[in-house]
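# A closer look at the structure
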Amino acid sequence: MMANVQAVSPIGQLPGSGGIGRRSSAPRSQYGSPTHYGSRPNSRVSFSDGSGKPHSRQNSGGRLPRPPSQPRGSPDGSSGRERPPSVRSLHEKVEMSEFLSPAVKTAVRRWKRFHEEKVRERFKERRQSKKLYVQNVQIEKKKLARKIPIDVLALEWMNDNKVTVDARAYLLEKLLPTLILGVEKLLMEVDKRNLAEEMEVNPNFNPINYLAQYLMRNNPKYSNFPEASPYIRGLREVTDEIKNHVFSFEDNRLAKVKAEARKKREEQVRQETLRTKERLARSGRIREHFTDWILDEENEVETHIIHTALKNFKEVLDQLPPDIGKGVNLDAYLKPLNKEKLEAAEFVEYLRNLVTEMTPELFAELMTHMSQCATSYRRAAILEARKEILMELFKACDHATIGIIDRHRVLGLFKAFYDKQAWVNKRHFRNPRRWPVVELDEVGDDESSIAEESNVSSRMSGSVADSRPGTADLSPSTPTEQAKDEGTVEEVDQTKPKIDESVEQPEETASKESSEVLQPPTTDEGEDKPQDTTAADGEDGTGQELPEEKKSEEATDAVDKEADEDEEGAKESHPQTAATGRTTAVSFDEEAIATKDKEKKLSLKSPVKTPTSRSGSVAASAFDQNTLNTSQFVALIEVFLGDDPPEEVVQAVIKFIQEGYVETEEEKFSRLQKARREEQLAKRKVMMDQLFDKWDNDGSGFLDLDELHSVMSKFKENMEKKIVAKAKQMLDKEDNDHRLSKTEFKRYLEVVCSLLPGGEDNFDPLVEFLMTSVERSYEERIRGQARKKWLAQIQQAAETSGASMDPVYKSVFNSLYKDSEQHGRGKRISGNIAMLERNDTAPGRGPTCLRYVASTPDDAHFMVNKIMYRDMKGISFTSVDSGKPIHVPRVQNHGNIMFWNPERQEEFYFKKSIDDYDPTKDRQGSFIVIPLKDHRKRVFGTMGIDTLNDPQEKSIFITHEISFFQGVAKAFSSAFQYVDIRRKTLRIAESAVSWIHRRSPHVQEISVYIVEPDDKLEDFILRRMLTTDKAGNIETHDHPTKLERKENLFRDYLFRCVDNSETITADAYGHRHTAFPLRDSEGHCVALVDISIGDLKHLPSHENKEVQRMLKLLQYAHKEVSLETEGKEQKVVLEAEKNSEESRIDIMFDRIMLTDLRETVGKLNLRAFAELKSYKDPPKVIHDILASVLSLFYQDKSEVGGELEEYNNCKQYVNQDLIKKIEEFDPTALEAIGAVNRVAARLKEVPHGAVAKHGSLPAQHLYNWAFVCLSLLEHTSKMKMNQKQPLADTPPPGSAMSGGITEQ
């Protein structure tokens, strides 16, 4: 019978079982160990022979123990006495066929089996003894616990804070049982020694040492003393309870992992809950913010407005700390939407996608920015609606319908309206006699001096102004107002306690005094009119009636003086005390508050209209002191109306202007005639430009005088030949000069027309005759159109270059390449540009040199930055000296050509053999040098063009090519002058900006922009060229950013400033900005200065005057540079200006300041200086100023311990001779440099605001003069140090490196 095979458990089976089962307790051998004779618990295979008796191979010996139910000697072959398996006989083993298995035949296996049995038995005995010991210890603890009561204070450690459960369990088990008893012992010792009530330290008792001793003596490892305390017993139970929630890592690793996973899940759930709450809170915030953008009842906002606001948020990100704005990519979310308007739900969804990943700090910044944009948007909506009303007002005032009105008449209406208004309404307007309503040049010096004298008198008297109109917003507290006028923050803080003392006065007295101050005087007609303390009802002190003009000036003088000083430098909020934060400056009575609330409720609502990007043009409005066009009129009224005037006030202004602007018939006719004359002149200018361009087909910029004269002599069939010849003689041309520029051509036509019978009536027939007299072939016309297009691109490159010459150089070389390809028979040309400079590197080789600053790429590596001196070979200096182009048809036949290419130089060229000939390195070709001239026809450089790289044998320039090259040189000269004037303007503006930050600490940021046309020449853009931070650090941008009108709706004030060429004041992103234009000679804005004063509404009075003075001088400096570029003589005043053009531009602003201060000090007489002489013990500021001024003239007496250390000695030098020396002093002269350190040491101790505090007008002027002299002295000293150092062979600042060459 075949045996059945089945698996048996490693533990074994009971006999007789037919399957896999669990074995009962195994029988034990005589040695006390279980009868498992092997150590390998491997699976066994049982063999069944069908009788149900399993056969299994178990244990290492291969035998199974006999079942206990079958003793040995039984019928199945077992005996009563069981022997060990190892000593069984072979006969017995054979009889046990069902348990047949191999026997152990080696002694090693037997020894191992015996050894394992002994070790196992010993281990079980020790485990049993340990178990009994633990049971006994637990029994003892239970007995002890029954004896000691539990302290309920220990239950306070049970709380629901799951975060600290691990920490509490650790402390309760390891530290607190011993520490608490130690602290208790310490307190008992303190009570025992009576130390609790003593305030001094007991030298005989150190509580820390006492506690440390207790802890060391009662270490839980060696002492069980804490177990006897009821409180400790309670701690033990609390510890056991807490441990139910804490799993030990050593005892249960899986439980620890599960606990950590549970904590992570709980933390994730908590974080997700917080994110959900934050998301809902942000959605609610955005939904509330949507209402800020609503203008009408449609409840929709334009998409591009929101897109623009978010795009402008990049500027805010650049100013934030890196940790807040890090990792935010707005471009990924700022995708254009298909919808033009957004509803509330769409608005929330659009912003929610953007703010999902933002940090709370960044989200708060974004919402602040969006709120500021929404405020600007609503303001722009009001201005847009008001613009239409003002445009209708302009049409009503433009009686002649010519598009312009009288500016001075409008300003006069502003003054009349301002004077007639009550003091409560004047606060809404800006003073029409001051900047920015009028220009800085129109602000009289008398008014400024009056304001300064009023400041002085008020400070010297130590009392505030009388209860006059204009003091409505002033506090009765004198020190605070004085501190505001002085503009020093420290003094304001020092005077705050005085304000608090005034608050403690009785309420009735304060209310009465404030009501007396706030009540304006009224006339019998019931109309509020301002009154002066020296005059009433238009009469002076003698009872005589004052003139009308004088009455208006005196009526507003009190208001203007005090209101301007109070408004400037203060925010639009009431002063608050430091302690309580309550308004204490002015106390209104109940009637006044009720009246104010009633007026607020009855005020009209300003109309709004969705603002759009106001369309502009490249040719913005030019400023004219006498006239206003539509946009300038609107801007002027907006400036006069101030920030947020009530609608009824706006309507009153409009009504007053509409009724007051009246012109007589004679004025209308005169204005109409003037407009027609200007239109006729503009038309003639366009006709002459077209005529010149038609004659100048190749774009050279010049006409042949003889050819033009011969054609004009045929006018009216040679009848006017003598008149044309006479006009030619009146041009005063040299005998060898037969060319006419565009300006000379226009003058020639005007002279001919004036000499002809009929005068100007001959202009149109003459122009028509010249237009029909010139004939061009089709090829010439096509060539002329292409060349004029390329020449225009050179000028366009200059206008859009961002004050850089690199695009101009590239455009010049591209024009040359294109012309040589299309109209030069495919010549391969090379070009270079050199600038004429003063020779400072090698003065012995000539006074001037040519430095090559740009070249075509083929020759750039050996041409750029090379210098040609006058003692070198070359024809370039011949062209520079003569001012005429020089053409060399065949270079190889000319002996005075400088070759910069080393392959063409003589020592290499003549040694070459026929086999080494390379047509690209020979001397075959043509070369031309053209001088570059400015508007005054002064040569400032050369432009060289050659064909030496052309492989053709005959590559000679022909006539029309040379004419085009001259046109390129003329276009480059014009472009260079255009860029040069902007670079000079930026350098002067940098000096002005630095001075503004020095003298006006409240100025936060300043940006300087230049105006450029856009790529399509449809509108203009702004380039941010220079910026400053709050510390006054100036940063010049090499790659300036562009500001376009359509993307900067919230900076629209910058573009309105350019459109109207007028000063604009507006708020942008929560900061007050003032945009000041820099105009060219025609009145167009070419650059602007953007001044930000932060959250202030006005600067302090003296800082505002300093800013106005700096801007006025900056405008004057820009005008001087513009006139120099147009041909006016340079103004050289100081010695340092004679050194170089760079130095002259660097100190131009300081020189203009010095000249202005010379004139100001020159107006002071001995009576003005009497104040300085009257001091016996003057303030240190006055002494330092006077001593610093005298140190410039008397250096030997300014030493330490010299005469100037005593003020009495300084007073002796204050005379008319001092004024004369001030007017003639040159701080850049060599003899004045030694006084730099002494003057700097004295002026360093004089703060800028401290001079205005003392109110001394002569001291103020002397301080300003000394400070400017110090700046010039420091600059001159630096220049002298730089001249001692060797000059590097580098190009001048701003020169391009696009490639360079010269003569090859």
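Since the model is a prediction, treat every value here as computed from it, not as a measurement.

## Focus: the overall build of the chain
A tally of regular secondary structure across the chain gives 44 helices and 21 strands. Residue burial in the chain is summarised as follows: out of 1304 residues, 44% are buried. Restricting to contacts in the chain with at least 6 residues of sequence separation, those with at least 24 account for 69%. Entry remark: accessible area of the chain is about 71300 Å², with carbon and sulfur atoms responsible for 51%.

## Structural notes on the nonpolar core
Trp293, Leu1022 and Trp1265 are the most contacted members of the largest nonpolar core, which totals 167 residues. Core analysis: the next-biggest nonpolar cluster, separate from the first, contains 34 residues, Val812, Leu816, Ile829 and Ile945 among them.

## A short note on the pattern of salt bridges
By the definition in use, this model includes 57 salt bridges. Note that Glu267 and Arg270 form a salt bridge whose closest N and O atoms lie 2.5 Å from each other. A residue pair is termed a helical-turn pair when its members lie 3 or 4 positions apart in one helix, as Glu267 and Arg270 do in helix 6 (residues 253–290) at 3 residues. On the basis of relative accessible area, Arg270 is assigned to the partly exposed category, the value being 42%. Here Asp643 makes a salt bridge to Arg430, at a shortest N to O gap of 3.3 Å. Here Asp643 is found in the loop between helix 21 (630–641) and helix 22 (647–660), whereas its partner Arg430 is found in the loop between helix 13 (423–426) and helix 14 (445–461), with 213 residues between them in sequence. Under the relative-accessibility criterion, Asp643 is labelled buried at 19%. Accessibility expressed as a relative area gives 13% for Arg430, which makes it buried. Within this structure, Asp980, Arg983, Lys984, Glu1124, Glu1141 and Arg1144 form a network of salt bridges that share partners.

## What about the packing of helix 24 (residues 705–712) against helix 27 (residues 763–773)?
Viewed as axis vectors pointing N to C, helix 24 and helix 27 meet at an angle of 115°, and their least axial separation amounts to 10 Å. Handedness of the crossing formed by helix 24 with helix 27: right-handed. Contacts between helix 24 and helix 27 involve Leu708, Val711 and Met712 on the former and, on the latter, Leu766, Phe769, Leu770 and Ser773. Of the residues contributing to the contact of helix 24 with helix 27, the split by class is 6 nonpolar, 1 polar and no charged.

## Some points on the sheet that holds strand 13 (residues 927–933)
The 6 strands are arranged 11-10-9-14-13-12 in an open sheet whose pairing can be described as antiparallel. Whereas interior strands pair on both sides, the edge strands pair on one side only; in this sheet they are strand 11 (867–868) and strand 12 (886–888). In this structure, strand 10 (residues 848–855) lies alongside strand 11, joined through 2 bridges in antiparallel fashion. Directly across from Arg851, in strand 11, lies its bridge partner Ile867. Across the face of the sheet, helix 29 (residues 806–822) comes into contact with strand 9 (830–838), strand 10 and strand 14 (939–946) while running at roughly 140° to strand 9.

## Here's the deal with the pairing of strand 9
Two faces, one strand: in a regular strand the side chains alternate between the faces of the sheet. Within strand 9, 7 of the 9 residues are buried, leaving the element largely enclosed by the surrounding structure. Bridging between strand 9 and strand 14 involves 6 bridges; their strand directions are antiparallel. Across the sheet, the residue bridging to Ile833 is Met943, located in strand 14.

## Notes on the packing of aromatic side chains
Tallied over the entire structure, the rule returns 25 aromatic pairs. Taking the centre distance of 5.7 Å and the plane angle of 50° together, the rings of Tyr1263 and Phe1267 count as tilted. One end of the pair, Tyr1263, and the other, Phe1267, are both in helix 44 (residues 1257–1284), 4 residues apart, so they sit about a helical turn from each other. Summarising the burial analysis for this pair, Tyr1263 and Phe1267 share the class buried.

## Let's talk about unusual backbone geometry
With an omega of 15°, the peptide bond between Trp435 and Pro436 qualifies as cis. Relative to the elements of secondary structure, Pro436 occurs in the loop between helix 13 and helix 14. In this model, Asn194 sits at a positive phi of 60°, which is unusual for a non-glycine residue. Even without glycine at this site, Arg825 takes up a positive phi of about 60°.

## Quick look at the environment of Lys1046
In this structure, Lys1046 sits in the loop between strand 18 (1042–1043) and helix 34 (1052–1060). Separated by 738 residues in the primary sequence, Lys1046 and Thr308 place their C-alpha atoms 8.6 Å from one another.

## What about the pairing of strand 10?
Burial within strand 10 is extensive, with 8 of its 8 residues counted as buried. Pairing between strand 9 and strand 10: 7 bridges, direction antiparallel. Following the sheet pairing, Leu836 is matched in strand 10 by Leu850.

## Describing the environment of Arg987
With respect to the helices, strands and loops of the structure, Arg987 is situated in helix 33 (residues 959–999). In the structure, Arg987 is positioned 155 residues away from Glu1142 in sequence and 9.8 Å away in space, judged by C-alpha atoms. Among the polar contacts made by the side chain of Arg987, one reaches the side chain of Glu1142 at a distance of 2.4 Å.

## Examining the packing of helix 28 (residues 778–799) against helix 29
Angle between the axes and distance between the axes: these two values describe a pair of packed helices. At a minimum axis separation of 8 Å, helix 28 and helix 29 run at an interaxial angle of 170°. As summarised for this structure, helix 28 and helix 29 are arranged roughly antiparallel, according to the angle between their axes. Residue-level contacts link Arg787, Trp790, Gln793, Ile794, Ala797 and Ala798 of helix 28 to Pro807, Val808, Ser811, Val812, Ser815, Lys818, Asp819 and Gln822 of helix 29. Looking at the contact of helix 28 with helix 29 residue by residue, the classes come out as 7 nonpolar, 4 polar and 3 charged.

## Focus on the side chain of Asn1060
As for its placement among the helices and strands, Asn1060 is situated in helix 34. Among all residues touching Asn1060, those that are not within four sequence positions of it are Ser621, Ser631, Gln632 and Ala635.

## Describing a positive patch on the surface
On the surface, a cluster of positive charge is made up of Arg120, Lys124, Arg127 and Lys131. By the secondary structure assignment, Arg127 is in helix 2 (residues 107–147). Residue classification places Arg127 among the exposed positions, given a relative accessible area of 52%.

## Let's talk about a nonpolar patch on the surface
On the surface, a nonpolar cluster with roughly 270 Å² of combined accessible area is contributed by Tyr133, Val134 and Val137. As for its position among the elements, Val137 is in helix 2. With a relative accessible area of 30%, Val137 lands in the partly exposed category.

## Points about the environment of Leu330
Note on placement: Leu330 falls in the loop between helix 9 (322–325) and strand 4 (341–342). Sequence separation of Leu330 and Leu354 is 24 residues, and the distance between their C-alpha atoms is 7.8 Å. Setting aside chain neighbours within four positions, we find Leu330 in contact with Leu310, Phe313, Lys314, Leu317, Leu354 and Met358.

## Let's talk about the confidence of the model for the chain
When pLDDT is averaged along the chain, the result is 75, and 72% of the positions lie at 70 or above. Across residues 1–80 the pLDDT falls below 50, and counting only partners more than four positions away or on other chains, this stretch makes 125 contacts in the model. Low pLDDT, under 50, characterises residues 1284–1304; the stretch is placed with 89 contacts to residues that sit more than four places away or in other chains.

## Describing helix 35 (residues 1101–1125)
Count 3.6 residues to each turn of an α-helix, and residues three or four apart come out pointing the same way. An ideal rise of 1.5 Å per residue puts 36 Å on 25 residues; helix 35 measures up with 37 Å between its terminal C-alpha atoms. Burial analysis of helix 35 places 20 of its 25 residues in the buried class, which makes it a mostly covered element. After helix 35 finishes, the residue Gly1127 shows a positive phi value of roughly 125°.

About the thresholds
- Residues numbered from 1 in each chain as written.
- Predicted model: local features only at pLDDT ≥ 70, side-chain atom pairs only at ≥ 80, totals over all residues.
- Heavy atoms only, no water.
- Helix = DSSP H or I, 4+ residues; strand = E, 2+ residues; numbered from the N terminus.
- Buried < 20%, exposed > 50% of the residue type's maximum accessible area, 1.4 Å probe, protein only.
- Contact = heavy atoms within 4.5 Å.
- Areas by Shrake-Rupley, 256 points an atom, 1.4 Å probe, with all protein chains shown as cover.
- Core = buried A, V, L, I, M, F, W, Y, C linked by side-chain atoms within 4.5 Å.
- Salt bridge = Lys/Arg side-chain N within 4 Å of Asp/Glu carboxyl O.
- Axes fitted to C-alpha atoms, helices over the stretch in contact; angles between N-to-C directions.
- Left-handed = near helix turned anticlockwise from the far one by under 90°.
- Nonpolar A, V, L, I, M, F, W, Y, C, P; charged D, E, K, R; others polar.
- Pairing = 2+ DSSP bridges.
- Phe/Tyr/Trp six-rings, centres within 6.5 Å; stacked < 30°, edge-to-face > 60°.
- Polar contact = N/O pair within 3.5 Å; in protein donor to acceptor, adjacent residues only side chain to side chain.
- Parallel < 35°, antiparallel > 145°, perpendicular 65-115°, else oblique.
- Patch = residues over 30% accessible without salt bridge, like charges linked within 9 Å, V, L, I, M, F, W, Y side chains within 5 Å.
- Lys, Arg positive; Asp, Glu negative; His and termini not counted.
- Charge placed at Lys NZ, Arg CZ, Asp CG, Glu CD.
- pLDDT = per-residue confidence, 0-100.
- Expected span 1.5 Å × (residues − 1).

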